[in-house]
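# Examining the three-dimensional arrangement
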Amino acid sequence: MTRRWPTALLAAGLFVFAGLPLLLLLARAARAEDLDWWAVWTSADAVRALGGTALTSLGAALFAFLVGVPLALLLVRTDLGLKKALKATFTLPTAIPPFILGMGWVSLANPKAGLLNLALGAGTFDIYGAAGIAFVLGSAGLPLVFLATTAALSRLDSSLEEAARISGASPARTLLTISLPLALPAALSGTALTFLFTASAFGVPYLLGVTATPPTPTLTTRVYGEVLMGSTGLARAAVLSVELLVLAGVVLLVSRWLTRAGEVRLSSGKGLSLRPMPLGRWRGPLTAVAVALGVILVVLPLLAVALTSVQPVWGQLTGLTTKHWGAVLSSPRTISAAGRSVLLAFSAATLVTGLGLAVASTRRRWLEALAGAPYAVPGTVLALGLLVAFSRDVRFIAFERVAFVLALGNTLWLLLVAYAVKHLAFGARSASDALAQVDPSLAEAARIFGASRARAFVDATWPQLKGALGAAFLITFLVCMTELTLSVLLIPTGADVLGTLLFELQSYADPGAAAVIACAFVLLLLLAQAAQALLTRREAR
Amino acid sequence: MASVQLTDVHKAYGATQVVKGVSLSIASGELVALLGPSGCGKTTTLRMVAGLERVDRGVICIDGQEVDGPKGSTPPERRGLGMVFQSYAVWPNRTVAQNVAYPLTLQRVARSEVERRVAEGLSWVRLSALGDRLPQQLSGGQLQRVAIARALVANPKVLLLDEPLSNLDAALREELRGEIAALRARLGTTMIFVTHDQGEALALADRVAVMSRGVIEQVGRPDVVYREPATPYVASFVGGANQLDGVVEGGCFVCAGVRFPLPAGSDSAEGPATLVVRPEDLHVGGDGPALPLSARLFLGSATEYRFLLGDRVLRAVGPPRDDATPSSRLPLRLGRIRLYPPAA
Ligand SMILES: Nc1ncnc2c1ncn2[C@@H]1O[C@H](COP(=O)(O)OP(=O)(O)OP(=O)(O)O)[C@@H](O)[C@H]1O
Ligand SMILES: [Mg+2]
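For every chain, the first residue of the written sequence is number 1, and numbering continues from 1 along that sequence. Lettering for chains starts from A, numbering for ligands starts from 1, and both go in the order in which the items are written. Under the rules for a predicted model, residues below a pLDDT of 70 receive no local features and side-chain atom pairs below 80 are neither given nor counted, while totals for whole chains, interfaces and linings still include all residues. Values shown for side chains rest on all heavy atoms present in the structure; no hydrogens or waters enter the calculation.

## Let's talk about the pattern of salt bridges
Residue and element names in this part refer to chain A.
- Think of a salt bridge as a Lys or Arg side-chain nitrogen and an Asp or Glu carboxyl oxygen that are within 4 Å of each other. According to the stated counting rule, one finds 35 salt bridges over all chains in the structure shown.
- Note that Arg222 is salt-bridged to Glu226, the shortest N-O span being 3.2 Å. Within this pair, Arg222 and its partner Glu226 are both found in helix H11 (residues 219-228), separated by 4 residues, close to a single helical turn.
- The network of salt bridges with common partners includes Asp45, Arg48, Arg222, Glu226 and Arg236. Each helix is a run of DSSP H or I of at least 4 residues and each strand a run of E of at least 2, with the numbering of both proceeding from the N terminus.

## Some points on the interface of chain B and chain A
- For this analysis, residues touch if any pair of their heavy atoms sits within 4.5 Å. If you look at the interface, chain B gives 23 residues, while chain A gives 23 residues.
- In short, buried area is how much 1.4 Å probe accessible area vanishes from two parts on joining, totalled over both. Taking both partners together, chain B and chain A bury about 1900 Å²; carbon and sulfur atoms supply 61% of that area.
- On the chain B side of the contact with chain A, Glu77, Trp91 and Leu106 of chain B bury the most area, a combined 28% of that side's loss.
- The interface formed by chain B and chain A holds 2 salt bridges in total.
- Counting of polar contacts relies on pairs of N or O atoms within 3.5 Å, with two restrictions inside protein: one atom must be capable of donating a hydrogen and the other of accepting it, and residues adjacent in sequence are counted only when both atoms are side-chain atoms. There are 6 residue pairs in polar contact (both at pLDDT 80 or more) connecting chain B and chain A.
- Counting residues per element, the ones that place at least two in the side of chain B that touches chain A are helix H1 (42-50), strand E7 (82-84) and helix H2 (96-106) of chain B.
- Looking at which element gives the most residues to the side of chain B that touches chain A, the answer is H2 of chain B, with 3 residues.

## Some remarks on the domain arrangement of chain A
All names here are of chain A.
- You can read the domains of chain A as domain 1 (32-264) and domain 2 (319-541).
- Just so you know, the domain bounds were taken from an automatic or database domain assignment. The centre of domain 1, based on its C-alpha atoms, is set 23 Å off from the matching centre of domain 2.
- Listed by partner, the interface residues are 26 residues for domain 1 and 26 residues for domain 2.
- Interface area, domain 1 with domain 2, both sides summed: about 2300 Å², of which 82% is carbon and sulfur.
- If you look at where domain 1 meets domain 2, you find 0 salt bridges.
- Here domain 1 is connected to domain 2 by 0 residue pairs in polar contact (both at pLDDT 80 or more).

## Considerations on the sheet that holds strand E8 (residues 158-162) of chain B
All names here are of chain B.
- Read across the open sheet, the 6 strands follow the order E7-E8-E9-E3-E10-E11; overall the sheet is mixed. Strand pairing shows two members of the sheet lacking a second neighbour, E7 and strand E11 (215-220), which therefore form its edges. Neighbour-to-neighbour, the strand axes of this sheet turn through a mean angle of 15°, independent of strand direction.
- Contacting strand E3 (31-35), E7, E8, strand E9 (190-195) and strand E10 (207-212), H1 crosses the sheet at an angle of about 150° to E8. Should DSSP find at least two bridges between two strands, the strands are regarded as paired. To obtain an axis, a line is fitted to C-alpha atoms, over the contacting stretch when the element is a helix, and the angle between two such axes runs from 0 to 180 degrees between their N-to-C directions.

## Quick notes on the sheet that holds strand E5 (residues 65-69) of chain B
All names here are of chain B.
- Here 5 strands make up an open sheet; going across it, the order is E2-E1-E4-E5-E6 and the pairing antiparallel. Where the open sheet ends on each side, the last strands, each with one partner, are strand E2 (16-26) and strand E6 (72-73).
- Of the strand pairs in this sheet, strand E4 (residues 57-62) and E5 are connected by 3 bridges, and their pairing is antiparallel. From the neighbouring strand, Ile62 faces E5, where its bridge partner is Gln65.
- Here H1 sits on the sheet and contacts strand E1 (4-13), E2 and E4; the angle it forms with E1, its principal contact strand, is near 120°.

## Description of the pairing of strand E12 (residues 242-249) of chain B
Residue and element names in this part refer to chain B.
- For E12 and strand E15 (residues 271-277), the ladder comprises 7 bridges, and the chain directions are antiparallel. The residue bridging Gln243 from the neighbouring strand is Val276, located in E15.
- Here E12 folds back onto strand E13 (residues 252-255) in antiparallel fashion, the turn holding 2 residues, of which Gly250 has a positive phi close to 55°.

## Observations regarding the site of ligand 1
Residue and element names in this part refer to chain B.
- Here a residue is near a molecule or strand as soon as one of its heavy atoms is found within 4 Å of it. Around ligand 1 lies a shell formed by Tyr13, Val18, Pro37, Ser38, Gly39, Cys40, Gly41, Lys42, Thr43, Thr44 and Glu163.
- Here an oxygen atom of ligand 1 sits 2.5 Å away from a polar atom, N or O, in the side chain of Thr43.
- A distance of 3.1 Å separates an oxygen atom of ligand 1 from a polar side-chain atom of Glu163.
- What sets the accessible areas is the Shrake-Rupley method with a 1.4 Å probe; for residues, cover comes only from the shown protein chains. In the complex, the protein chains occlude 58% of the 640 Å² of accessible area that ligand 1 would expose alone.
- Sorting elements by how many residues they give to the shell around ligand 1 places H1 first, with 3 residues.
- Note that Gly is not counted as nonpolar here; it falls among the polar residues with everything else outside the nonpolar set of Ala, Val, Leu, Ile, Met, Phe, Trp, Tyr, Cys and Pro and the charged set of Asp, Glu, Lys and Arg. Residue composition of the shell around ligand 1, by class: 4 nonpolar, 5 polar and 2 charged.

## Describing the state of the cysteines
- Disulfide: a pair of cysteine sulfur atoms within 2.5 Å of each other. All told, the structure shown has 0 disulfides over all chains when counted by the stated rule.
- Cysteine Cys255 of chain B remains unbridged, with the sulfur of Cys252 of chain B as its closest cysteine sulfur at 13 Å.

## What about helix H15 (residues 332-361) of chain A?
- Expected span, for any helix, means 1.5 Å times one less than how many residues it has. Here H15 of chain A spans 43 Å end to end across 30 residues, near enough to the 44 Å set by a 1.5 Å rise per residue.
- One or two steps after H15 of chain A, the chain reaches Arg363 of chain A, where phi turns positive at roughly 55°.

## Concerning the packing of helix H8 (residues 158-167) of chain A against helix H9 (residues 171-200) of chain A
Residues and elements named next belong to chain A.
- Interaxial distance between H8 and H9 falls to 9 Å at its minimum, and their mutual angle equals 140°. Classified by the angle between their axes, H8 and H9 sit oblique to one another. The two elements H8 and H9 meet at a crossing, and its hand is right-handed. The residues of H9 that touch H8, namely those facing Leu160, Glu161, Ala164 and Arg165, are Pro171, Thr174, Leu175, Ile178, Ser179 and Leu182.
- Taken together, the residues that form the contact of H8 with H9 break down as 6 nonpolar, 2 polar and 2 charged. Put simply, angles under 35 degrees are roughly parallel, angles over 145 are roughly antiparallel, angles from 65 to 115 are roughly perpendicular, and the rest are oblique. Handedness of a helix crossing follows the sense of rotation of the near helix relative to the far helix, less than a right angle counterclockwise being left-handed and clockwise being right-handed.

Rendered as structure tokens:
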């Protein structure tokens, strides 16, 4: 399966839908003659936006590190209680859009009407502003640090720690001087990803930054603001997004470097023994702390969303009502948005898995790297690139005949392209990992017994791939169902998807209705996870 | 240097009893080998001495002080021991010297003193030139030497070794075995050495404790355990003796219908018994019963012959013979044997 033309076709497709838009975005910025790049970057607004991005991203990364690393140490290396439930709780935010967590925190800690402030007196907590953004995105990005650290710690043989104990180190000292340093490269790389994740985020900074007093702009919300201004705004947005792109590149390089610099051979794999360190009398208190963190960071905001969806008047605890649920679930707008989202997410997930498999099947590393690249590009920048490349007013700028016969601008197709390109990394990575595990001799055996190439694939190779590809499909589907950043910039006028509806209802009109949609989505997600867990358990049998 | 006492120590993992009443007294400066097959509870016993596992029942004393028992347990970091793990457990992100220095820094030894003692420790295991290397840059034998230096550098009361040689190839094993013996002669540290290799145990230990399924079958000097195994199990594990269940009848041992004349002077009561004979004490030739030869293995210094007796295989070791061709029948004669009451 290493024929040439599929490789060329895939590379061309990636170029047209990912490389070209970014190039055109740069071109668009460069072509604006009346624009002095330096002036755009150094304008007071832009400096404040960059400051906001840097501050919130650093804060979120720091928070995720300080919470995620100790949690991972406790969960993997000690005999902490309730490990399974805790692990599930802290990984849940990977699947929940950060915007929904943000909504929960607005309901909890709006300075006047938040539930916590109603309980503890107005103004106790204020979720708006840089600290709030960093906190919400830090807890949403927590799994990045937590899972990376957990993975590294799981590969430590317990005898490394036991040797330290016998050398005279207490349990705490052992964790700090032996286990932690060995997992630190992975933890730092996860932290860098949290930084990138926060810098690229749009929904939460918009929700918590724009209406804060004083407003806390970030690069992404600033770019969005400029785009809304029309043509000159678009050029300024393009210039600003270069900044974001450079920031993302630098962070990725740092993360790559950290991962590589810290590569110590942890275990040969075979005979790895994991014996959790007994915490003794600290077990109870530390378990309680971990549970409290899980409740505060994950459960509480979700409960707040649920509560908001049944409150008659937002911010007032005056009984319960089902009026929001009734209104939202019967509103034609919600139904058509949900329909569009399902359709788009399903198509995008199909594309991502199919193309991901195709990319991985070429077994060309550079193509895989290329397919994974758009995921690292901040969503705002990618959307802007697609907007520039495929919207009508810029269609004459370059390569007219090749790219722009595709009249994608202002259609749902463009959104589909954006979803698929952005998440192609999921499909390519899963397929490539799965293919690496596939035993080629099974397909070869099928060929020898007379199966055609296609038949051999279906009978022998596919069964070994479908688990990983199914997982990639599911995660892409779920992420695209409520995708927000790409959607708000690329949605055709007059149409909605769930992400934009959620954004609009929460930001402008009706938080109760937004809460219903968020709630319904989280319920769906939990159901999907339960179903998947059930399926894997049945398959394991 | 310290003594170690285990008194009726029990340990279970869940419902499976792993150590079932081990009592063992180790004198100060002694090297005792815990010898037994895989899964018999050697590591578990050692880990209880180290403090890495709690005892369920029984008492462990180090230097006369109770470290684990009904009254509670001293954590490993306060027992003042050294331990060498089968998997080396050398910290991969620290240099050789940093690995060895770790126990000393925990004891708040002054820096210049740390340097001196690390250098001394590395010279014990002949690694003085490699102090700045990272573990990735070392071979298995060198890694195990680092682990030994690290375990010894802080003058432990007792050095625990859990199969320290079994991850090494044969030549290295010999070499490191010699080094451990030399180090011990020099430092005189009390040592407990876990192994499943009888050669290692016999060569190194002052006393050998043979374990089977969670109990100690026999403790004694290597030569005594070898010459006078207390049970058929010990005999077959130490020295690989043949073990036959049969009946003593008129000066003969009858097994699977074959009558083996007992050597003169064996004080044997008539009746069912278990006979144990080492391969080197089972002689090919003479006037004994002839058995079919199933295989012949050339060992270098001698030849091993395998005979079929019913459904069992009898092993004999002796000088090469020309008449030992496949499927030939050869006579066998019992040399030194031991008879035990029949197995339950
Ligand atoms: N943490 C544990 N949980 C459950 N069972 C265990 C645990 N550790 C050991 N065992 C069981 O206890 C028994 C004795 O184990 P132990 O490691 O002491 O054996 P060993 O004599 O050291 O064997 P080996 O020579 O293979 O290292 C084994 O059957 C093992 O499966
Ligand atoms: Mg063992």
